[in-house]
Amino acid sequence: MGKLTVRALRAVLVVVLTGTVFVQALMVWALATDKEGGSLPLTPLRLITILGMVTAQVALGCVWRLVTMVRRGTVFSHAAFRYVDGVIGAIVAAALVWFAVTALNAPGQRDDPGVTLIMGGIGVAILGVALIVLVLRMLLAQAVARDVEAARMQAELDEVI
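This one's a predicted model, so the numbers in the text were calculated from it and none came from an experiment. Numbering of residues begins from 1 in every chain and follows the order in which that chain's sequence is written. Residue-level local features of this predicted model are given only where pLDDT is at least 70; pairs of side-chain atoms are given and counted only at 80 or more, and the full residue set underlies all totals for whole chains, interfaces and linings. Excluding hydrogens and water, the side-chain figures rest on all heavy atoms present in the structure.

(A) How the structure looks around the nonpolar core. Among the nonpolar cores identified, the biggest contains 15 residues, and Leu-66, Met-69, Ala-80, Val-84, Val-133 and Leu-140 are the most heavily contacted of them. The numbering of helices and of strands both runs from the N terminus, where a helix is a DSSP run of H or I of at least 4 residues and a strand a run of E of at least 2. Listing elements by their share of this core, those giving two or more residues are α2 (42-72), α3 (79-105) and α4 (113-160). Per-element accounting of this core gives the leading share, seven residues, to α3. Working rule for contacts: check all heavy atoms of both residues, and any pair within 4.5 Å makes them a contact. Once you skip the residues sitting within four places of it in the chain, Leu-140 turns out to touch Val-75, Phe-76, Ala-80, Phe-81 and Val-84. The definition of a nonpolar core used throughout is a set of buried Ala, Val, Leu, Ile, Met, Phe, Trp, Tyr and Cys residues joined through side-chain atoms within 4.5 Å. Each residue's exposure class comes from its accessible area (1.4 Å probe, protein chains only) as a fraction of the maximum for that residue type: buried when under 20%, exposed when over 50%, partly exposed otherwise.

Next up, the structure:
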């Protein structure tokens, strides 16, 4: 992975992390100062938003660590699984948070249930992303196993020579 790619990805991660922290701060401020006056239950939605931002931050941290491992050439190790599992867990948690938003929004959509169905579909799509990352984890596991096997075979070859 090139230095420019790593720097660009890290810049994007920093911008997204800054944005999530900003949104969390606004939600905490709104919880402390704003009264609920609308038709939507704002307090639960604000709490869910804060939790959603935490899931994004966990995923961002894990991706940062994985990028560091790629740059150092250590990504094909068992240590990488912890971070890939963190990304998968964060995505699943984000899907659950999205389903909670869908459930809170559903009573207000009785006249137009299509909105709730679309929101449910988005939640399923988020779970699909988690499944894609799980498949990538399996590919990483195969690569690590091959790397370990290659190292073992190289050690045997070195003994013979």
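Don't stop here, the text continues.
(B) Looking closely at a nonpolar patch on the surface. To count toward a patch, a residue needs a relative accessible area above 30% and no salt bridge. Like charges then connect within 9 Å, nonpolar side chains (Val, Leu, Ile, Met, Phe, Trp, Tyr) within 5 Å. With residues, only the protein chains shown are counted as cover, and all accessible areas are computed by Shrake-Rupley using a 1.4 Å probe. Here, a salt bridge means any side-chain nitrogen of Lys or Arg that lies within 4 Å of a carboxyl oxygen of Asp or Glu. Taken together, the side chains of Ile-132, Val-135, Leu-136 and Leu-139 make up a nonpolar region of the molecular surface, amounting to roughly 380 Å² of accessible area. On the secondary structure map, Leu-139 appears in helix α4. With relative accessibility at 47%, the residue Leu-139 sits in the partly exposed group.

(C) Spotlight on helix α1 (residues 3-33). Expected span, for any helix, means 1.5 Å times one less than how many residues it has. Taking 1.5 Å per residue, 31 residues should reach 45 Å; α1 reaches 45 Å between its end C-alpha atoms and fits that length. Along α1, the residues that are buried comprise Val-6, Arg-10, Leu-13, Thr-20, Gln-24, Met-27 and Ala-30. Where α1 is buried, its residues contact α2.

What is shown is where atoms sit, not what they do.
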